[in-house]
Amino acid sequence: MSKKQPPIITYKGRSLGIVLLTAAQLLIGAIHAFFGLLLLAGENLSVLPATAAYDVYTFVFGLLTLVFAVFIWQGKKMGWLGMIAVSLFVIAADSLTVLNLPSIPGIPKFPAYTEIPYSVLVVYYLSLRHVREKFLM
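Remember, predicted model here, so these are calculated numbers, not experimental data. (Residues numbered from 1 in each chain as written. Predicted model: local features only at pLDDT ≥ 70, side-chain atom pairs only at ≥ 80, totals over all residues. Heavy atoms only, no water.)

(A) Up close: the packing of helix α4 (residues 109-127) against helix α5 (residues 129-136). It is the contact of α4 with α5, at a shortest axis distance of 5 Å, that shows an interaxial angle of 70°. On the basis of the axis angle, α4 is roughly perpendicular to α5. For the pair α4 and α5, contact is made by Y125, L126 and S127 and by R129, V131 and R132, respectively. Across the contact of α4 with α5, the residue classes break down as three nonpolar, one polar and two charged. (Axes fitted to C-alpha atoms, helices over the stretch in contact; angles between N-to-C directions. Helix = DSSP H or I, 4+ residues; strand = E, 2+ residues; numbered from the N terminus. Parallel < 35°, antiparallel > 145°, perpendicular 65-115°, else oblique. Contact = heavy atoms within 4.5 Å. Nonpolar A, V, L, I, M, F, W, Y, C, P; charged D, E, K, R; others polar.)

Okay, structure coming up:
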């Protein structure tokens, strides 16, 4: 007797994990790109720390996240590599900020406590064998 595998939930030929990851990354990318543009435009957002490095970081992070989310949706290797790289960078930069070590000036500590676990989950999911093989083969 062979074990039957449970049916895989898909949408437009993509696994539920890829659908959820893409949707989350598109939302995160759009939010960061929008606020990065506001910060770069010189808007006075008193609740956000404002340094030139953080302004550029926020905008570039948002754009890269959007681009790599689209590539992930399209099943491209560059999407997988880019999302892993961006997530690892976020883990490193936010960890340095939480530990009060030199990092990008202006990164707020409070969001880092959620960004680090989220980025770890992204790296973990993308490193699963069945996901990794889909993008690297």
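Now that the structure has been shown, the text picks up again.
(B) Broad picture of the side chain of S87. Mapped onto the elements of the fold, S87 is located in helix α3 (residues 77-98). Overall, S87 belongs to the buried group, its relative accessible area being 4%. With sequence-adjacent residues up to four places away left out, S87 is seen in contact with S119, V122 and V123. (Buried < 20%, exposed > 50% of the residue type's maximum accessible area, 1.4 Å probe, protein only.)

(C) Fine view of the nonpolar core. Formed by 23 residues in total, the largest nonpolar core has its most connected members in I72, M83 and L126. Counting only elements with at least two residues in this core, the list comes to α1 (16-40), α2 (52-73), α3, α4 and α5. The biggest single contributor to this core is α3, with seven residues. Those residues in contact with L126 that lie beyond four places of it in its chain are L21, I72, W80, M83, I84, V131 and R132. (Core = buried A, V, L, I, M, F, W, Y, C linked by side-chain atoms within 4.5 Å.)

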